[in-house]
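Secondary and tertiary structure notes
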Amino acid sequence: MFAAIMMIIIIWIVMWGFYKFMYPRAPRSMMPKDGDVTTPRHCNFCGNSLAEYRGVLETKPSLVASSDGNTEADIKGSQELFFCNYEHQADFHAGRTYNPNA
């Protein structure tokens, strides 16, 4: 009986070490900090869901012509674009389309 319990404990310790080695904790720089928005957003290029603090948020103001003929940025009518990374942002503005099988 003692040998069976000892084997279970040894296997448990070995598996714990294996999982610690195979799945290490993420670095602190990748963890959310105070004030970060952790709600998931969908990428405007590929459609994948990602926490807002992990991606690239772009505020694109819409231009409004004022009465004196000058164009001004309308902050109320601004459109927020969200991307997984800078490559997706560049591809979106280049007019490319996302192909998941490429």
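A quick note: this is a predicted structure, and the numbers were derived from the prediction, not measured.

Conventions adopted
Residues numbered from 1 in each chain as written. Predicted model: local features only at pLDDT ≥ 70, side-chain atom pairs only at ≥ 80, totals over all residues. Heavy atoms only, no water. Helix = DSSP H or I, 4+ residues; strand = E, 2+ residues; numbered from the N terminus. Contact = heavy atoms within 4.5 Å. Phe/Tyr/Trp six-rings, centres within 6.5 Å; stacked < 30°, edge-to-face > 60°. Buried < 20%, exposed > 50% of the residue type's maximum accessible area, 1.4 Å probe, protein only. Polar contact = N/O pair within 3.5 Å; in protein donor to acceptor, adjacent residues only side chain to side chain. Salt bridge = Lys/Arg side-chain N within 4 Å of Asp/Glu carboxyl O. pLDDT = per-residue confidence, 0-100. Disulfide = S-S within 2.5 Å.

Here we come to the side chain of Glu52. Locating Glu52 in the fold gives a position in the loop between strand 2 (49-51) and strand 3 (56-65). Other than its neighbours up to four places away in sequence, Glu52 contacts Val37, Thr39, Arg41, Leu57 and Phe82.

Attention now moves to the packing of aromatic side chains. Evaluation of the coordinates by the stated rule reveals four aromatic pairs. When the ring of Tyr19 is compared with that of Tyr23, the centres are 5.9 Å apart and the planes differ by 20 degrees; the resulting orientation is stacked. For Tyr23, a relative accessible area of 58% corresponds to the exposed category. Ring geometry for Phe83 versus Phe92: centroids 5.2 Å apart, planes at 55 degrees, classification tilted. Residue Phe83 is classed as buried on the basis of its relative accessible area of 0%. Taken together, the aromatic side chains of Phe18, Tyr19 and Tyr23 make up a single cluster linked through ring pairs.

On to the side chain of Arg41. Among the structural elements, Arg41 can be located in strand 1 (residues 40-42). Engagement of the side chain of Arg41 in a polar contact is seen with the side chain of Glu52, the distance being 3.2 Å. Apart from the residues within four sequence positions on either side, Arg41 is in contact with Asn48, Ser49, Leu50, Glu52, Leu57, Glu80 and Phe82.

A separate point is the environment of Glu80. For Glu80, the position within the fold is in strand 4 (residues 71-83). Given a relative accessible area of 42%, Glu80 falls into the partly exposed group. Each C-alpha atom of the pair Glu80 and Asn44 lies 9.7 Å from the other, and the pair is 36 residues apart in sequence. Ignoring sequence-local partners within four residues, the contact set of Glu80 consists of Arg41, Leu57, Glu58 and Thr59.

A separate point is the pattern of salt bridges. Counted according to the given criterion, the structure contains three salt bridges. Beyond isolated ion pairs, a larger network of salt bridges with shared partners links Arg41, Glu52 and Glu80.

The pLDDT averaged across the protein chain works out to 83; a share of 82% of its residues lies at or above 70. Looking at the elements of the protein chain, mean pLDDT is at its lowest for strand 4, recorded as 65, and at its highest for helix 1 (residues 2-22), recorded as 96.

As a further point, take the state of the cysteines. Two cysteines whose sulfur atoms are joined by a covalent bond form what is called a disulfide. In this structure the tally under the stated criterion is zero disulfides. Note on Cys43: no disulfide assigned, nearest cysteine sulfur contributed by Cys84 at a separation of 3.7 Å. For Cys46, which is in no disulfide, the shortest distance to another cysteine sulfur is to Cys84 and amounts to 3.6 Å. You can call Cys46 buried: its relative accessible area is 15%.

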